[in-house]
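Notes for the structure review
Letter by letter, the chains look like this.
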Amino acid sequence: MAARYRATSTLPYLMRTLGSKESTKPAYRGTLPSLRRAFSLYDQINLMDNVPDDQLRFQGYTDTGFTVNGANYEGSLIAIGNLILSWSPKRISDVTPDSLAMFQLIRPIPEILLLGTGRQVQHVDPGLRRFIRSTGMKLEAIDSRNAASTFNILNEEGRIVAAALLPYGVSS
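Not measured: the values here are computed from a predicted model.

Brief notes about the overall build of the protein chain
- Looking only at helices and strands, the protein chain has 3 helices and 11 strands in total.
- From first element to last, N terminus to C terminus, the protein chain shows the α and β order α-β-β-β-β-β-β-β-β-β-α-β-α-β.
- Each of the 172 residues in the protein chain was classed as buried or not, and the buried ones make up 38%.
- If you take every contact in the protein chain between residues at least 6 apart in sequence, the share linking residues at least 24 apart comes to 66%.
- Accessible surface computed for the protein chain: about 10,800 Å², of which carbon and sulfur atoms make up 54%.

Have a look at this one:
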């Protein structure tokens, strides 16, 4: 009975405390979904607390870059396993076999290359598709937000995956 009284007397204080805090907007445009989250009847629960700190996780994006493991990166990026590199292309027409030549050298070969094409899915040159197939990878060209999210899911599953991402603000 005493515990119930303490709980009901604390409720008004808790409501005042929660109502007085101002909400702050995140520093990035949006968050990316993760396989590590699941919904219960009451709240979200983190199902996998033992994800290694050195594993890359895209956490957000802006029109000009990405947030990866809490660090903000401007411009285009290539992510392979737990390695992240700055990448020179600024738009889809800059993505050529030369800009992706590193994939001829990388071992083990990633199963799939997720090509983030910016805000919208854009056409990929057939020559580029042939080049990616010649390396032994599959190519999936999707918008950058979904490419980053898919990278997170496949990477958390332990699959060998690569992502080449143009910033979300890029359009044709």
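Brief notes about the layout of surface pockets
- When its volume is computed, the second largest pocket comes out at roughly 160 Å³.
- In terms of residue class, the lining of the second largest pocket is made up of 5 nonpolar, 5 polar and 2 charged.

A look at the pairing of strand β7 (residues 76-80)
- Among the 5 residues that make up β7, 5 are buried, leaving the element largely enclosed by the rest of the structure.
- Where β7 meets strand β11 (residues 161-165), 4 bridges bridge the pair, whose relative direction is antiparallel. Each residue of the ladder has a partner; that of I78, found in β11, is A164.

A short note on helix α3 (residues 144-156)
- Taking 1.5 Å as the rise per residue, α3 with 13 residues should run 18 Å; its terminal C-alpha atoms sit 18 Å apart, in good agreement.
- Among the residues making up α3, those that are buried are S144, A147, A148, S149, F151, N152, L154, N155 and E156.
- Packed against the buried residues of α3 are β4 (58-61), β5 (65-68), β7, β9 (112-116), β10 (138-142) and β11.
- One or two residues past the end of α3 sits G158, with phi positive at roughly 85°.

As for the sheet that holds β10
- Spatial ordering of the open sheet is given by β8-β7-β11-β9-β10, a layout of 5 strands whose pairing is mixed. Across the chains shown, the open sheet's two edge strands, defined by having one partner strand only, are β8 (83-87) and β10. Across the sheet, the mean angle separating the axes of adjacent strands is 15° when strand polarity is ignored.
- When β7 meets β8, the two strands line up antiparallel, connected through 5 bridges. Residue pairing for β8: A79 is matched across the bridge by I84.
- Packed on one face of the sheet, helix α2 (residues 126-135) meets β9 and β10 and runs near 140° to β10.

Brief notes about unusual backbone geometry
- The omega torsion of the bond from R107 to P108 falls at 0°, within 30 degrees of zero and hence cis.
- The residue P108 is located in the loop between β8 and β9 in this model.
- Unlike most non-glycine residues, N69 shows phi in positive territory, near 50°.
- Of note, N69 is situated in the loop between β5 and β6 (71-74).
- Classification of N69 by relative accessible area gives partly exposed; the value is 33%.

The rules we used
- Residues numbered from 1 in each chain as written.
- Predicted model: local features only at pLDDT ≥ 70, side-chain atom pairs only at ≥ 80, totals over all residues.
- Heavy atoms only, no water.
- Helix = DSSP H or I, 4+ residues; strand = E, 2+ residues; numbered from the N terminus.
- Buried < 20%, exposed > 50% of the residue type's maximum accessible area, 1.4 Å probe, protein only.
- Contact = heavy atoms within 4.5 Å.
- Areas by Shrake-Rupley, 256 points an atom, 1.4 Å probe, with all protein chains shown as cover.
- 1 Å grid on protein atoms, 1.4 Å probe; cavity = no way out; pocket = protein on both sides within 12 Å on 5 of 7 lines; lining within 4 Å.
- Points joined across faces, edges and corners; volume = space filled by probe spheres on them.
- Nonpolar A, V, L, I, M, F, W, Y, C, P; charged D, E, K, R; others polar.
- Pairing = 2+ DSSP bridges.
- Expected span 1.5 Å × (residues − 1).
- Axes fitted to C-alpha atoms, helices over the stretch in contact; angles between N-to-C directions.

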